[in-house]
Amino acid sequence: MRIYVAGHRGMVGGAIARRLTARGDEVITRTHADLDLTDQAAVRSFFAEERPDAVVLAAAKVGGILANNTYPAEFIYENLMMEANVIHQAWSAGVARLLFLGSSCIYPCAVAQPMREDALLTGVLEATNEPYAVAKIAGIKLCESYNRQYGTDYRSVMPTNLYGPGDNFHPANSHVLPALMRRFHEAAQAGADEVVIWGTGTPRREFLHVDDMAEASLFVFDLPHDVYATQTQPMSSHINVGSGSDVTIAELAATIAAVTGYRGRISYDTAKPDGTMRKLMDVSRLTAMGWQAGIDLQQGIAETYQWFLHNAAQLREA
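Residues numbered from 1 in each chain as written. Predicted model: local features only at pLDDT ≥ 70, side-chain atom pairs only at ≥ 80, totals over all residues. Heavy atoms only, no water.

1. Considering the packing of helix α2 (residues 40-50) against helix α4 (residues 72-92)
Phase 1 of the analysis: Relative to each other, α2 and α4 sit at 35°, their axes nearing to 9 Å. Between α2 and α4 lies a crossing whose hand is right-handed. Facing Gln-40, Val-43, Arg-44 and Phe-47 of α2, the residues of α4 in contact are Asn-85, Val-86, Gln-89 and Ala-90. (Axes fitted to C-alpha atoms, helices over the stretch in contact; angles between N-to-C directions. Helix = DSSP H or I, 4+ residues; strand = E, 2+ residues; numbered from the N terminus. Left-handed = near helix turned anticlockwise from the far one by under 90°. Contact = heavy atoms within 4.5 Å.)

2. Some points on the pairing of strand β3 (residues 54-57)
Phase 1 of the analysis: Going residue by residue along β3, you find Ala-54 and Val-56 tucked away on one face and Val-55 and Leu-57 tucked away on the opposite face as well.
Phase 2 of the analysis: Sheet topology places β3 next to strand β4 (residues 97-101); 4 bridges connect them, and they run parallel. Note on β4: the bridge partner recorded for Leu-57 is Phe-100. (Buried < 20%, exposed > 50% of the residue type's maximum accessible area, 1.4 Å probe, protein only. Pairing = 2+ DSSP bridges.)

3. Here we look at the packing of aromatic side chains
Phase 1 of the analysis: With the rule as written, the count across this model stands at 11 aromatic pairs.
Phase 2 of the analysis: For the pair Phe-46 and Phe-47, a centre-to-centre distance of 5.2 Å together with 80° between the ring planes defines the contact as edge-to-face. The exposure classification of Phe-46 matches that of Phe-47, with both residues buried.
Phase 3 of the analysis: A ring pair is formed by Trp-91 and Tyr-146, whose centres lie 6.0 Å apart and whose planes are at 65°; its orientation type is edge-to-face. Here Trp-91 is found in helix α4, whereas its partner Tyr-146 is found in helix α5 (residues 130-150), with 55 residues between them in sequence.
Phase 4 of the analysis: Overall, Tyr-146 belongs to the buried group, its relative accessible area being 13%.
Phase 5 of the analysis: What links up through ring pairs into an aromatic cluster is the set Phe-169, Tyr-305, Trp-307 and Phe-308.
Phase 6 of the analysis: Of note, Lys-61 hangs over the ring of Tyr-71, and the distance from its end group to the ring centre comes to 6.0 Å. (Phe/Tyr/Trp six-rings, centres within 6.5 Å; stacked < 30°, edge-to-face > 60°. Lys NZ or Arg CZ within 6 Å of the ring centre and 35° of its normal.)

4. Focus: helix α9 (residues 249-260)
In an α-helix there are 3.6 residues to a turn, and that puts residues three or four apart on one side.
Phase 1 of the analysis: Taking 1.5 Å per residue, 12 residues should reach 16 Å; α9 reaches 16 Å between its end C-alpha atoms and fits that length.
Phase 2 of the analysis: When α9 is considered as a whole, its buried residues turn out to be Ile-249, Leu-252, Ala-253, Ile-256, Ala-257 and Thr-260. Burial along α9 is one-sided: seen end-on, the buried residues are contained in an arc of 135°.
Phase 3 of the analysis: Backbone geometry just after α9 places Gly-261 at a positive phi near 85°. (Expected span 1.5 Å × (residues − 1). Arc of directions from axis to C-beta.)

5. Some details on empty space enclosed by the protein
Phase 1 of the analysis: Following the criterion strictly, the structure yields 1 cavity of 30 Å³ or more and no others.
Phase 2 of the analysis: Every residue along the wall of the largest cavity is listed here: Ser-104, Cys-105, Tyr-107, Pro-108, Met-115, Glu-126, Asn-129, Thr-276 and Lys-279.
Phase 3 of the analysis: Residues belonging to the lining of the largest cavity are distributed by class as follows: 4 nonpolar, 3 polar and 2 charged. (1 Å grid on protein atoms, 1.4 Å probe; cavity = no way out; pocket = protein on both sides within 12 Å on 5 of 7 lines; lining within 4 Å. Points joined across faces, edges and corners; volume = space filled by probe spheres on them. Nonpolar A, V, L, I, M, F, W, Y, C, P; charged D, E, K, R; others polar.)

6. Some thoughts on the layout of surface pockets
Phase 1 of the analysis: By volume, the second largest pocket is sized at about 190 Å³.
Phase 2 of the analysis: In this structure, the second largest pocket is lined by 13 residues; those nearest its centre are Asn-147, His-225, Tyr-228, Thr-232 and Pro-234.
Phase 3 of the analysis: Looking at the lining of the second largest pocket, the elements that each hand over two or more residues are α5, β5 (153-159) and α8 (225-231).
Phase 4 of the analysis: The residue inventory of the lining of the second largest pocket, partitioned by class, reads 4 nonpolar, 6 polar and 3 charged.

7. A few points about helix α7 (residues 210-222)
Phase 1 of the analysis: In this model, α7 (13 residues) spans 18 Å end to end at C-alpha, consistent with the 18 Å of a helix rising 1.5 Å per residue.
Phase 2 of the analysis: Every buried residue belonging to α7 is among Val-210, Asp-212, Met-213, Ala-214, Ala-216, Ser-217, Leu-218, Val-220 and Phe-221, and all of these are buried.

8. Some details on unusual backbone geometry
Phase 1 of the analysis: With an omega of -5°, the peptide bond running from Gln-113 to Pro-114 counts as cis.
Phase 2 of the analysis: By secondary structure assignment, the location of Pro-114 is in the loop between β4 and α5.
Phase 3 of the analysis: Phi is positive for Arg-51, which is not a glycine, with a value near 45°.
Phase 4 of the analysis: Inspection of the secondary structure assignment puts Arg-51 in the loop between α2 and β3.
Phase 5 of the analysis: Unusually for a residue other than glycine, Leu-121 sits at a positive phi of about 65°.

9. A closer look at the sheet that holds strand β13 (residues 278-279)
Phase 1 of the analysis: With mixed pairing, the 3 strands of this open sheet are ordered in space as β11-β8-β13. Two strands bound the open sheet, and with one partner strand each, they are β11 (247-248) and β13.
Phase 2 of the analysis: Taken together, the 2 bridges between strand β8 (residues 204-205) and β11 define a ladder with antiparallel strand orientation. Each bridged residue has a counterpart across the sheet, and for Arg-204 the counterpart in β11 is Thr-248.

Shown next as structure tokens:
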């Protein structure tokens, strides 16, 4: 198949593109410089010229709590525009199959744990990333709406917190695991006696290695339509993807500190926000389809740190 992977330079998009290439599919890509997905006319022209057989929509503007709080307008605008342009123009070009990658932040902040797919739109979203969450919810509903009206086969997968090779390791604008990895690495190298972490350390988070996410994404993408349909509903069609277990931020920090060789003190700035206290995905829907995660968190962190070390020179300037 000729498959357009939007966001192939990102951590997840890159992992998916590598797997598609390895299995013999032709992967179509464009950099942001070549194609601005927020530009409707440019996206229309791209689809009219390339006519891919299928699309994997992994492109997104992403970031941690600080980035979401600082740039809420950018997070909602850019993600809404990318999703609307790619999904609509894919349909216009006759693309019958599409996979949309969302986020676990779509669920309300006060929701039963683990979070089931049917918890969507049942409560108030977490304030720190509400704009991003609204955009991702819109992406799910775009897919469902085109399926209902036009008979397309557009599916959505909602990953938990992802990490792994190719992650963003910026100490302020990245997600918690890579940000901590860089901070602990630099503290270990400098012989620092303290690392201060935002919040209380008590929130629990689930993490999934990007290679597991890529495998799960293509598993869902390849499922026969009748199998996918038996586990979903027309207006609740998204699939949670996670490891099925979580750890506290304090436990995560201790693991990363050990992997990076940091031996100093770990402190917590309780004046900073914790975010949602727990975000664990219910992955029973995906498990029933026949897939489960295979990379242990400690193993995954160790492997990611080795990748970080091999790319430290480039990352130092980021």
